[in-house]
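Okay, here's what each chain looks like letter by letter:
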Amino acid sequence: MIKKSFDTAKKLWLIFLSELIGNRVGYRLIGLVNRLTGRRLATVFLVYPASSYYITAVTFPRYAKRANWQPRFAGIYVPAPGRWGLIFAVSSLEQELISNENAQRLQAIYAALERIRQLTGATAVSLAGILPGILKQRGLRDSVREREQTAAIVEMAIYTTLAEIGFDSHHPIILLGGAGYIGAVVDRRLQQNCANPVIVIDSRNGDHHAQLAAQLENFRGQQVLLVNIARNNALELFLDQLWPQLVILNEVFPEAARSTREQLAKRGIDYYHLAGIR
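In this report, the structure presented in the accompanying data block is examined. If you're wondering where the values come from, they're calculated on a predicted model, not measured in any experiment. (Residues numbered from 1 in each chain as written. Predicted model: local features only at pLDDT ≥ 70, side-chain atom pairs only at ≥ 80, totals over all residues. Heavy atoms only, no water.)

Okay, the overall build of the protein next. Scanning the protein from N- to C-terminus turns up 12 helices and 9 strands. Taking 19 Å as the expected radius of gyration for a compact globule of 278 residues, we find that the protein reaches 19 Å, a close match to that expectation. By its C-alpha atoms, the protein is 50 × 45 × 40 Å across when sized along the principal axes. Relative to its 278 residues, the protein shows a buried fraction of 49%. Considering only intrachain contacts with a sequence separation of at least 6, the fraction spanning at least 24 residues in the protein is 67%. (Helix = DSSP H or I, 4+ residues; strand = E, 2+ residues; numbered from the N terminus. Rg over C-alpha atoms; globule rule 2.2 N^0.38 Å. Buried < 20%, exposed > 50% of the residue type's maximum accessible area, 1.4 Å probe, protein only. Contact = heavy atoms within 4.5 Å.)

With that settled, consider the nonpolar core. Counting residues in each nonpolar core, the largest one holds 29 residues, and the members touching the most others are L46, L86, F88, L97, L113, L127 and L131. Residue assignment for this core shows that the elements contributing at least two residues are α2 (24–36), β1 (41–47), β2 (72–77), β3 (84–89), α6 (103–120), β4 (124–127) and α7 (131–137). Per element, the largest residue contribution to this core is 6 residues, and it comes from α6. Excluding residues within four positions of it along the chain, L113 makes contact with V44, L46, P71, F88, V125 and L127. In terms of nonpolar packing, the next biggest core, distinct from the first, is built from 23 residues, I158, L175, V247 and Y272 among them. (Core = buried A, V, L, I, M, F, W, Y, C linked by side-chain atoms within 4.5 Å.)

So, on to the side chain of T43. Structurally, T43 can be placed in strand β1. In terms of polar contacts, T43 uses its side chain to reach the side chain of Y77, at 2.6 Å. The residues touching T43, leaving out its near neighbours within four places in the chain, are Y77, W84, G85, L86, A122, A124, S126 and I153. (Polar contact = N/O pair within 3.5 Å; in protein donor to acceptor, adjacent residues only side chain to side chain.)

This next bit is on the sheet that holds strand β5 (residues 173–176). Read across the open sheet, the 5 strands follow the order β6-β5-β7-β8-β9; overall the sheet is parallel. Only two strands of the sheet have a single partner each, and these edge strands are β6 (198–201) and β9 (270–273). The sheet shows a mean angle of 20° between the axes of neighbouring strands, taken without regard to direction. Sheet topology places strand β7 (residues 224–228) next to strand β8 (residues 246–250); 5 bridges connect them, and they run parallel. Looking across to β8, one finds that V227 is bridged to L249. (Pairing = 2+ DSSP bridges. Axes fitted to C-alpha atoms, helices over the stretch in contact; angles between N-to-C directions.)

Attention now moves to the sheet that holds β2. Strand order in this open sheet of 4 strands is β2-β3-β1-β4, and the pairing throughout is mixed. Across the chains shown, the open sheet's two edge strands, defined by having one partner strand only, are β2 and β4. Put simply, the sheet's adjacent strands are angled 25° from each other on average, direction ignored. Direction of pairing for β1 relative to β4: parallel, over a ladder of 4 bridges. If you follow F45 over to β4, its bridge partner there is S126.

And the structure:
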């Protein structure tokens, strides 16, 4: 009974904040704060639920229906030291978002995010998961500046994590999904700016799962930073190939499922998430 009351109060509080901030007046006030603090607002970032379970965990069905194709304010995160971002969420699942039948709706979501970016003065719009690549394929979005901005945030998070866990330039960095829309830019930036060995593991390079797993096995027992820039279920696919000396930085939204995080903890694997470095 107490837990149910707490969950209800939490949902009501999130809806209250979403309605209080998620409007033109709220965005303009954020824009004013952004200008007064030196324009530190880096991104307007869109996330979506990994499954219907996440929807029922954070809001009520009626409000979720409203947020199906309308981005709602969901919070603030810290993508890198000295920078901050706004999180927006829709309740549509990935298969709905990428469906060709909903192409215009997805375009409308991106247009709404761009209007929010302009009102708040944020540097860029960032999208979770495979949405950036989907929009590029449809010719709706291919901003070099936004790709570089997103990749720069991931790069900074990598440096922050390396410093926090005490890894030096001899420790390898594995980019899981490092040949993707954002991953390829992260790889290039690291190759240019980072002294650590950088290894890309990605099915886009023509390798099958067994070959990708074999590549991971080459580093078993070593202290390695694994950066997930693939899909949110990628860690689940490689759980059996992970070892205790590994540290994971997850760039993917939604973040890994609770069951996956629990499995990582049982294996003695440290897990960090890009939003504020969890």
